[in-house]
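The lines below spell out each chain.
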Amino acid sequence: MSEYAIEIKNVTCKFDGFLLDNISFSVPSGSIMGFVGRNGAGKTTTIRSIINSVTPDSGEINIFGLDNRKYEHKIKEDIAVVFDEIPFPDTLTPLQLGKVFAGLYKSWDGKQYLSMLERFSLPQKKRIRDFSRGMKMKLQICTALSHNAKLLIMDEATSGLDPVVRSEMLDVFQEFICDEEHSIIMSSHITSDIERIADTVTFIDNGKILISGVTTEILEDHGILKCSAEVVSNISDEDIVSVRIGEFGADVMIRNRINCGGKYSRFIINNTTLDEILLFYVRKGKGREWSV
Amino acid sequence: MIGIFRKDVFVLRKQLILIALSVVGFVTLALLICGSFRYGNLAKLPEKDYADAFSSLTMLFGPLAAALAELALCTAFNGTISSDRKNGWYAFTSSLPVKKSSIALAKLLECASSAVLAAVVGVSATIGCYLIAGRTLSFNDILVPLLVVGIVLFVYMLPIFYIFRGKDTASFFVIVVLFVAVNAVLAVGMISSDNGTDIAKTADKLINMLPIVCLVLLAVDIVTFFLSWRISTSLLRKCDK
């Protein structure tokens, strides 16, 4: 088994007026990677590059250690993709859908599919068009997890779902990776989900990777330093991601928090969230300081 | 690829039942009319020429049944191109272990299977109608529905459904092409006949050439199948990119 489920090296891709600019990251086997970015940041284009529906201009994409273009057919037997909108004809029933998928995947497991439908309490003979959004997403998950896929790719799959359904799905994903052979890449802008289940996280904006690493390390490494706007100039540039100037002072997103704790001991450094880290990194592109 | 077939059949299940009922209804009506040519009031017409004229309509029912079956089936199957695009199925197929060429091939095979089914319906209807009407059946009479099937298949195999992205305009385009094709065949026949305005002579001449025309059409359909497969595959890839 390859060390990485996905390995993207220096991929550049122009698609529909959008540029994916020399991106590199990897998803270790047996882990969940959160792929975070605002709308239009390049998440879907990256995912389309991974499944080879968009051909990169340069760079290399390996899945399970195999080139994704050369071994496309073999790789696709082992991956499952869940999109934000259900792509199945809405006149079909889950039962019919199962028969369709049985003709598409060699390793389709009909029993597993039926038990997944039962687990999610999805009616087998009801048309998809009569399903709620939550039910549709569950159905996608059922099809994705019924052909022994080793890699699950999710493109904004949990957006628009209520917290109960999201939580139910996150539990399924955690079960999916517990045997260390399965991996998930989960693109989302709901960072609370990512914080809950992702082992690693990659931030993307404007087609560029902002930061990529282990989720807990990223959270521990960053912090919000509270100070007045006048004192910001005393803080070294290399420690700052960007600065939010507000009415009552400045919030400085700092990196290398442990060092900063010693260097700036007279200031309070608070814990931060993935949401804030994304916000400060995205704002950094428009200048070091920004106001609310 | 079996999955793609199954999907289209499940999606079109109601339509396919309606098409089957319409074709069965049409053939039953045709058989009843042919029966009336032989046993009904039409057979008792005092003028023999009138009775013959009505009876000659027998030759139309088989080709019409074939055309009805094939047009309905091919339109239904090609219509899924549009719905597949709308509900994101094409984008989703990029994640499946199915090649774009297989997706294009599935649609072409659906049209070809429709043509085979339509040919069976057309030939059976022709034989049934001739038997019931008590007319002598020639080899050329059986070839007429096959000719119709071949022409319709040619038009439906053109990759225009992908060029028009499966929109309704594609069906309109198909009708225009069919109209032009049929008229072109008639015009060529009329120009080459001794009396350029005698449509009956033209029809006779065309019927005599039927075996050769059908063979040529079969060859054209086979070539179109493979060309269309390649073009449709590249069009599908372009749409995806």
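Computed from a predicted structure; not experimentally measured.

Colleague: Is there a simple way to explain helix α1 (residues 2-11) of chain B in this structure?
Modeller: For an α-helix the count is 3.6 residues per turn, leaving residues at separations of three or four pointing the same way. The set of residues buried in α1(B) consists of G3(B), I4(B), K7(B), D8(B) and F10(B). Along α1(B), the residues classed as buried sweep out an arc of 165 degrees about the axis, all on the same side.

Colleague: I keep staring at the side chain of S242(A) and nothing clicks. Help me out?
Modeller: Residue and element names in this part refer to chain A. Secondary-structure assignment places S242 in strand β12 (residues 240-246). For S242, a relative accessible area of 0% translates into the label buried. Only 2.8 Å separates the side chain of S242 from the backbone oxygen of F280, close enough to count as a polar contact. Sequence-distant contacts of S242, defined by excluding residues within four places in its chain, comprise D251, V252, M253, F280, R283, K284, R288 and W290.

Colleague: Teacher, can you tell me more about the nonpolar core here?
Modeller: One broad trend across soluble globular proteins is that nonpolar side chains are buried collectively. In terms of nonpolar packing, the biggest core is built from 99 residues, with L139(A), I141(A) and L152(A) touching the most fellow members. With 7 residues, the single largest contributor to this core is helix α6 (residues 163-177) of chain A. If you look at the next biggest cluster of nonpolar residues, it comprises 28 residues, including V27(B), L105(B), V155(B) and V177(B).

Colleague: Just to check I follow, could you spell out the pattern of salt bridges for this structure?
Modeller: Side chains that differ in charge, positive against negative, can pair when their charged atoms come close. Residue and element names in this part refer to chain B. Under the counting rule described, the total for this entry stands at 20 salt bridges over all chains. D8 is the salt-bridge partner of K7, the closest N and O atoms lying 2.6 Å from each other. For the pair formed by K7 and D8, the shared burial category is buried. Three or more residues are tied together by salt bridges with common partners; here these are K7, D8, D84, K107 and E110.

Colleague: I'm lost on the packing of aromatic side chains in this one. Help?
Modeller: Each aromatic ring pair is described using two quantities: the centre-to-centre distance and the angle formed by the ring planes. This structure, assessed with the given rule, holds 11 aromatic pairs over all chains. Ring geometry for F88(A) and F101(A): centres 5.5 Å apart, planes at 80 degrees, overall edge-to-face. Of this pair, F88(A) sits in the loop between β6 (79-82) and α3 (94-102) while F101(A) is found in helix α3, placing the two residues 13 residues apart along the sequence. Residue F88(A) is classed as buried on the basis of its relative accessible area, which comes to 1%. Among the residues examined, F101(A) registers a relative accessible area of 1% and is labelled buried. Measuring from ring centre to ring centre gives 5.3 Å for F225(B) and F226(B), while their planes differ by 75 degrees; the resulting arrangement is edge-to-face. When its relative accessible area of 13% is taken as the criterion, F225(B) is described as buried. Three or more aromatic residues joined by ring pairs form one cluster here, namely F83(A), F88(A), F101(A), Y105(A), W108(A), Y113(A), W89(B) and F92(B).

Criteria and cut-off values
- Residues numbered from 1 in each chain as written.
- Chains lettered and ligands numbered in written order.
- Predicted model: local features only at pLDDT ≥ 70, side-chain atom pairs only at ≥ 80, totals over all residues.
- Heavy atoms only, no water.
- Buried < 20%, exposed > 50% of the residue type's maximum accessible area, 1.4 Å probe, protein only.
- Helix = DSSP H or I, 4+ residues; strand = E, 2+ residues; numbered from the N terminus.
- Arc of directions from axis to C-beta.
- Polar contact = N/O pair within 3.5 Å; in protein donor to acceptor, adjacent residues only side chain to side chain.
- Contact = heavy atoms within 4.5 Å.
- Core = buried A, V, L, I, M, F, W, Y, C linked by side-chain atoms within 4.5 Å.
- Salt bridge = Lys/Arg side-chain N within 4 Å of Asp/Glu carboxyl O.
- Phe/Tyr/Trp six-rings, centres within 6.5 Å; stacked < 30°, edge-to-face > 60°.

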